[in-house]
Amino acid sequence: MGCLRGLTDGFITLYVCELLVDQSHRKLGIGKKLMRHVHHQYPKTRIELLASSTSRSFYETQKYRPFYGFRKTIEE
C-alpha cells in the first residue's frame, strides 16, 4: 500500500527519494508512519526531500520546512 525509498550516510542526511502511497490508501496515516519509521532508524540525521505540487501540503502538515535548492539538466 506504501513504499519509501531513501539514501543516507547514517550520520547527517537521510534523503527521501520517493514516498509512494496507493491513492486508495491515502489519508490513512501510511505516509506519516513510513516517514516516522525511517527517521527512527536514523534518528540523528536530518530528512531532506523534494516535494511535488501535489505532495507539498502533506509535508507542510507534517511540519517539514521548505528549503532553497537548484536544478539543471544536461540539455539546459
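Draft legend 1. Up close: the packing of aromatic side chains. Inspection of every chain in the model, using the stated rule, returns three aromatic pairs. Geometrically, the ring pair formed by tyrosine 59 and tyrosine 64 is edge-to-face, given 5.8 Å between the ring centres and 90° between the ring planes. Using a relative accessible area of 8% as the deciding quantity, one classes tyrosine 59 as buried. On the numbers, 5.0 Å between centres and 80° between planes, the contact of tyrosine 68 with phenylalanine 70 is edge-to-face. Judged by relative accessible area, which is 69%, tyrosine 68 ranks as exposed. Phenylalanine 70 gets classed as exposed once you look at its relative accessible area, which sits at 74%.

Draft legend 2. The pairing of strand E3 (residues 46–49), seen in detail. Burial along E3 is one-sided: the face carrying Ile47 and Leu49 is buried and the face carrying Arg46 and Glu48 is not. Summarising the sheet, strand E2 (residues 13–21) and E3 pair through four bridges and their orientation is parallel. Within E3, the residue paired with tyrosine 15 across the bridge is glutamate 48. Read as a crossover between parallel neighbours, the route from E2 over helix H1 (residues 30–41) to E3 is right-handed.

Draft legend 3. Structural context of the sheet that holds E2. Reading across from one edge, E1-E2-E3 is the order of the three strands in this open sheet, with mixed pairing throughout. The open sheet has two edge strands, strand E1 (2–8) and E3, and neither has a second partner. For this sheet the average axis-to-axis angle between neighbouring strands, irrespective of direction, equals 35°. Against the sheet, H1 engages E1, E2 and E3, with an angle of about 155° to E2.

Draft legend 4. The arrangement of the nonpolar core in detail. Counting residues in hydrophobic clusters, the biggest one holds eight residues: Leu14, Val16, Leu19, Met35, Val38, Ile47, Leu49 and Tyr59. Of all the secondary structure elements, the ones that give two or more residues to this core are E2, H1 and E3. Here this core takes three residues from E2, the largest share from any one element. Setting aside residues no more than four positions away along its own chain, valine 38 makes contact with Leu4 and Leu14.

Draft legend 5. Structural view of H1. Taking 1.5 Å per residue as the helical rise, H1 with its twelve residues ought to reach 16 Å, and the 17 Å between its terminal C-alpha atoms agrees with that figure. Buried residues along H1 sit against E1, E2, E3 and helix H2 (56–61).

Conventions we followed
- Residues numbered from 1 in each chain as written.
- Predicted model: local features only at pLDDT ≥ 70, side-chain atom pairs only at ≥ 80, totals over all residues.
- Heavy atoms only, no water.
- Phe/Tyr/Trp six-rings, centres within 6.5 Å; stacked < 30°, edge-to-face > 60°.
- Buried < 20%, exposed > 50% of the residue type's maximum accessible area, 1.4 Å probe, protein only.
- Helix = DSSP H or I, 4+ residues; strand = E, 2+ residues; numbered from the N terminus.
- Pairing = 2+ DSSP bridges.
- Right-handed = clockwise from strand over helix to strand, strands pointing away.
- Axes fitted to C-alpha atoms, helices over the stretch in contact; angles between N-to-C directions.
- Contact = heavy atoms within 4.5 Å.
- Core = buried A, V, L, I, M, F, W, Y, C linked by side-chain atoms within 4.5 Å.
- Expected span 1.5 Å × (residues − 1).

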